[in-house]
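# Per-entry structural report
Chain residues, written in single-letter form:
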Amino acid sequence: MIQIKDPKDCCGCTACASICAHNAITMEPDALGFLYPKVDKTKCVECGLCEKVCQFNDNYDKSLNLSQPVAYAARHKDMDEIMKSRSGAAFVAISDYILEKGGVVYGAGYKDHFRVAHKRATTKEERDEFRGSKYVQSDLTGVFRQVKEDLKNGLTVLFSGTPCQTSGLNAYVGKRLRDNLILVDIVCHGVPGPFLWRDYIAYLEKRQRDEIVVVNFRDKELFGWKAHKESYQFKMGG
C-alpha cells in the first residue's frame, strides 16, 4: 500500500485513490489544506496498484517524454480572448477546437466559495471558468475517474493542470486510452495551500464587511501584463 513518509514525495494528484478498486484510499488535507492519501487497511488487499501508478515511483512510465523539448510560441488572434486570459490564450484556442469536435475539457474552476477544484466542461461557456491563473492547489477528487470514463466512451478529452497533475493523470489512464487524451500543463513554480486561500478570502471579507463575488488572480486591465496582482469585486461594490 502507498505510504507517504515525506510530504515532498506526494503532490496530491489523486492517482492512487482513483485507481483503488476497493476505495481503500481517501485524500485527507493537512494543516495547510494540501491533500495526501490515507489508506483504510481494512479495505486494502495489497494489490500494489497505488504504488505502481504513483509518479514518484522510480519506475514511473516516461515513454512519452521527448529527448529534446520542442518549443513553439503562440498567441490567440482575438485580443478580447487574450485580455480575459493570463497569457496568450493558447488554452482557449486549443479547448475551442476540442469542444467544436464534440470533446470535453477539464480545467481549474471554483466550487463553493472560490474553492479551487477541477471541473468538466462540454460548452465554451462552461470552459470560460477555467481561463486565468488560480494560484492554489486544485482539488481533483473524483476527476481522474471521470476522465477515464469519458475516454472509455470514445470522447476526446483535454485536461489542463499543473505538471504533477497531468503526469498523475497520464499514469492513471494508462497506455490503452492515451490516444484521445490531450494533456496541457503550465510552467509551474509551486502552489499555495488551499486553506491559506480560504482564510485569506475570509480575512478580506471581514475587513471589507462585504462578500467577494469575483476574483482575478492576475488582472491585466488594472495592472498590465507584467504585474502579478490580484483584484476582487465585492457584492456591495468596491
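What you see is a predicted model; the values in this text were computed from it and never measured.

## Side note on the pairing of strand E3 (residues 104–111)
For E3, the buried fraction is high: 7 of the 8 residues fall into the buried class. Pairing between E3 and strand E5 (residues 157–161): 3 bridges, direction parallel. Looking at E5, one finds that Tyr-106 is bridged to Phe-159. Pairing of E3 with strand E4 (residues 115–121) involves 7 bridges; the strand directions are antiparallel. Among the inter-strand pairings, Gly-107 is bridged to a residue of E4, identified as Lys-119.

## Some remarks on helix H6 (residues 143–152)
Within the span of H6, buried status applies to Val-143, Phe-144, Val-147, Lys-148, Asp-150 and Leu-151. Taken around the axis of H6, the buried residues stretch over an arc of 160°, which confines them to a single face. On its buried face, H6 is in contact with helix H1 (15–19), E3, E4, E5, helix H7 (163–173) and strand E6 (181–185). Immediately downstream of H6, the backbone of Gly-154 shows phi near 85°, a positive value.

## Thoughts on the packing of aromatic side chains
For the structure on display, the rule yields 8 aromatic pairs. The cationic tip of Lys-148 hangs over the ring face of Tyr-172; the distance from NZ or CZ to the ring centre is 4.0 Å. The ring of Phe-195 has Arg-198 sitting right over it, with the charged end atom 4.1 Å from the ring centre.

## Re the environment of Thr-42
Counting through the fold element by element, Thr-42 comes out in the loop between strand E2 (35–39) and helix H2 (49–53). Taking the C-alpha atoms as reference, Thr-42 lies 51 Å from Ala-227; in sequence the two are 185 residues apart. Of note is the side chain of Thr-42, whose polar atom sits 2.5 Å from the side chain of Asp-40.

## Focus: the packing of H6 against H7
At a closest axis distance of 10 Å, the pairing of H6 and H7 adopts a crossing angle of 50°. When the axes of H6 and H7 are compared, the pair comes out oblique. As for the relative orientation of H6 and H7, their crossing is right-handed in sense. Judged by residue contacts, Phe-144, Arg-145, Val-147, Lys-148 and Leu-151 of H6 engage Gln-165, Gly-168, Leu-169, Tyr-172 and Val-173 from H7. Its residues placed into classes, the contact of H6 with H7 shows 6 nonpolar, 2 polar and 2 charged.

## Quick word on the sheet that holds E3
Pairing within the open sheet is mixed, and its 4 strands lie in the order E4-E3-E5-E6. The sheet is open, and its two borders are formed by E4 and E6, each paired with just one other strand. Strand after strand, the sheet turns through a mean of 30° between neighbouring axes, direction not considered. Of the strands in this sheet, E3, E4, E5 and E6 touch helix H4 (residues 90–100), which is tilted by about 125° from E3. Docked against the sheet, H6 engages E3, E4, E5 and E6, running at close to 155° with respect to E5.

## Here's the deal with the confidence of the model for the chain
Caution applies to low-pLDDT parts of the model: their predicted coordinates are not meant to be read in detail. When pLDDT is averaged along the chain, the result is 92, and 100% of the positions lie at 70 or above. Taken element by element, the predicted model of the chain shows its lowest mean pLDDT in helix H9 (residues 220–223) (77) and its highest in H6 (98).

Conventions we followed
- Residues numbered from 1 in each chain as written.
- Predicted model: local features only at pLDDT ≥ 70, side-chain atom pairs only at ≥ 80, totals over all residues.
- Heavy atoms only, no water.
- Buried < 20%, exposed > 50% of the residue type's maximum accessible area, 1.4 Å probe, protein only.
- Helix = DSSP H or I, 4+ residues; strand = E, 2+ residues; numbered from the N terminus.
- Pairing = 2+ DSSP bridges.
- Arc of directions from axis to C-beta.
- Contact = heavy atoms within 4.5 Å.
- Phe/Tyr/Trp six-rings, centres within 6.5 Å; stacked < 30°, edge-to-face > 60°.
- Lys NZ or Arg CZ within 6 Å of the ring centre and 35° of its normal.
- Polar contact = N/O pair within 3.5 Å; in protein donor to acceptor, adjacent residues only side chain to side chain.
- Axes fitted to C-alpha atoms, helices over the stretch in contact; angles between N-to-C directions.
- Parallel < 35°, antiparallel > 145°, perpendicular 65-115°, else oblique.
- Left-handed = near helix turned anticlockwise from the far one by under 90°.
- Nonpolar A, V, L, I, M, F, W, Y, C, P; charged D, E, K, R; others polar.
- pLDDT = per-residue confidence, 0-100.

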